[in-house]
Amino acid sequence: NIANANTTGFKSSRMEFADIFNGGGAIGAGVQLDTVRQTFTQGAVEFTGRQLDLSISGEGFFITDDNGSPVYSRAGSFGVDGSGFVRNSEGQRLQVYPPGVGGSFSIGVLQDLQLTSALSSPVASTQIQMGINLPSDATPPPVTPFDPTNSNSFNHTTTTVVFDSLGTARTATNFFAKTAAGWDVHLEIDGTTVGTQAIEFGTDGRISAPAAGVFTMPAYNPPNGADPVVLDFDLTETSQFGSGFVINNLQPNGSAAGRLRGIDIDDNGVVFARFSNGQSNALGKIAIATFPNSEGLNKVTNLSFAETFDSGVPLRGEANTGSFGAISSGALESSNVDLTRELVKMITAQRYFQANTEVISVMDSVTQAVINVR
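As the structure is a prediction and not an experimental result, all values here were calculated from the model. (Residues numbered from 1 in each chain as written. Predicted model: local features only at pLDDT ≥ 70, side-chain atom pairs only at ≥ 80, totals over all residues. Heavy atoms only, no water.)

Novice: Give a detailed account of the overall build of the protein, specifying residues and quantitative values.
Specialist: Helices and strands together make up the secondary structure of the protein, namely one helix and 27 strands. In terms of overall dimensions, the protein is more spread out than a globule: its C-alpha atoms have a radius of gyration of 36 Å, far above the 21 Å expected for 374 residues. When burial is assessed residue by residue, the protein has 38% of its 374 residues classed as buried. Taking the intrachain contacts of the protein between residues at least 6 apart in sequence as the baseline, contacts between residues at least 24 apart amount to 58%. Element-wise, carbon and sulfur atoms account for 51% of the exposed surface of the protein, whose accessible area totals about 19900 Å². (Helix = DSSP H or I, 4+ residues; strand = E, 2+ residues; numbered from the N terminus. Rg over C-alpha atoms; globule rule 2.2 N^0.38 Å. Buried < 20%, exposed > 50% of the residue type's maximum accessible area, 1.4 Å probe, protein only. Contact = heavy atoms within 4.5 Å. Areas by Shrake-Rupley, 256 points an atom, 1.4 Å probe, with all protein chains shown as cover.)

Below, the structure written as structure tokens:
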């Protein structure tokens, strides 16, 4: 126990002794080791800041695969091998429930947790949320008709980036031209004029037409063979007040393809892959198991235990549900060895040993005296 006082996830054990009988109810002839009992009390949780350092607060064991055999451990120091599999220092792969449909997980299935090296698929832009203020005292531009190359044919412009279905970035520019009834919104993508939409405002400065402040521009056909880009504009936050032209919000959806940047693991054990395009995908949910009798487990490696008849059949479940503990990422469970108590027990054992040696010494002296009697 003392040697492993600083070992991650180590569970202390204690020796239990029994009397040795000569038989027939005779006085005992000494002591023998009856059993070594493992104690699975909670160890302190120490934060490391490393994402693949995991700890369980409460009941449960991590499930790992040891060459096809399930083994169980409280030591949560994991790393990644050359193939992207998450494993411990003994090469045992961490087991997770695979993602299912609609954000669920297939609880009845276990698989190795593998960090993907594939790109995250691009997401085509379909909407732009626009929150701007168009000046109420603006006058129509002096030049008509609208010409994107002539700044005298419009009042204001905004520019943002949208993505086609292949993840190619496209520059979307909106031109705002004052009219007698309201404003014309012109859309140009990569220098190609796409369409025009008229908008109107009420006396309160809020958009009144089109209905609900939402409209759809005609499709833009990219030259790279991607699907047509069709953008819905949400102008519910756009106003026409007496102040100047102000851009408060200009937010398109969509993203380019992304590379893996890191992982996040929540308290429920869900492992998310974070990509450079801001997307995140669930790779699985860490599986944990409990046993009817944890003390009956058999230690098979330096870090892991295997089920036995005494331990009972493992009950697999999800972290933070029922009797299963919560998972913390960036933290490790320390040994549950109480060093002070162990030292006191060692001193006490030394005293017992000294007392026994005195008994043996006295018995030897008495025996020698009897032998010397004539």
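Novice: Describe the sheet that holds strand 12 (residues 156–163), naming the residues involved and giving the relevant values.
Specialist: The five strands lie next to each other as 12-13-14-15-16, forming an open sheet whose pairing is antiparallel. The two strands at the open ends of the sheet, each matched to only one other strand, are strand 12 and strand 16 (207–209). If you compare each strand with its neighbour and ignore which way they point, the axes differ by 35° on average. (Pairing = 2+ DSSP bridges. Axes fitted to C-alpha atoms, helices over the stretch in contact; angles between N-to-C directions.)

Novice: So, the pattern of salt bridges: which residues are in play, and what are the values?
Specialist: Summed over all chains, the structure comprises eight salt bridges. A salt bridge links Arg74 to Glu333, with the nearest nitrogen and oxygen atoms 2.9 Å apart. Of the two residues, Arg74 sits in the loop between strand 6 (69–73) and strand 7 (79–80) while Glu333 sits in strand 27 (residues 331–333), which places them 259 residues apart along the sequence. Taken individually, Arg74 and Glu333 each receive the classification buried, so the pair is uniform in this respect. In this structure, Arg87 engages Asp81 in a salt bridge whose closest nitrogen and oxygen atoms are separated by 3.8 Å. One connected set of salt bridges, linked through shared partners, spans Asp164, Arg170 and Asp190. (Salt bridge = Lys/Arg side-chain N within 4 Å of Asp/Glu carboxyl O.)

Novice: Go over the packing of aromatic side chains with me, naming the residues and quoting the values.
Specialist: Given two aromatic rings, one states the distance between the centres and the angle between the planes to describe the pair. In this structure the tally under the stated criterion is nine aromatic pairs. Relative to Phe233, the ring of Phe215 has its centre 5.4 Å away and its plane inclined at 10°; by these criteria the two rings are stacked. With Phe215 in strand 17 (residues 214–216) and Phe233 in strand 18 (residues 232–234), the pair connects residues that are 18 residues apart, well separated along the chain. The exposure classification of Phe215 matches that of Phe233, with both residues buried. An aromatic cluster of at least three residues, connected via ring pairs, comprises Phe61, Tyr72, Phe291 and Phe305. Lying over the aromatic face of Phe85, Arg93 brings its terminal NZ or CZ to 3.7 Å of the ring centre. (Phe/Tyr/Trp six-rings, centres within 6.5 Å; stacked < 30°, edge-to-face > 60°. Lys NZ or Arg CZ within 6 Å of the ring centre and 35° of its normal.)

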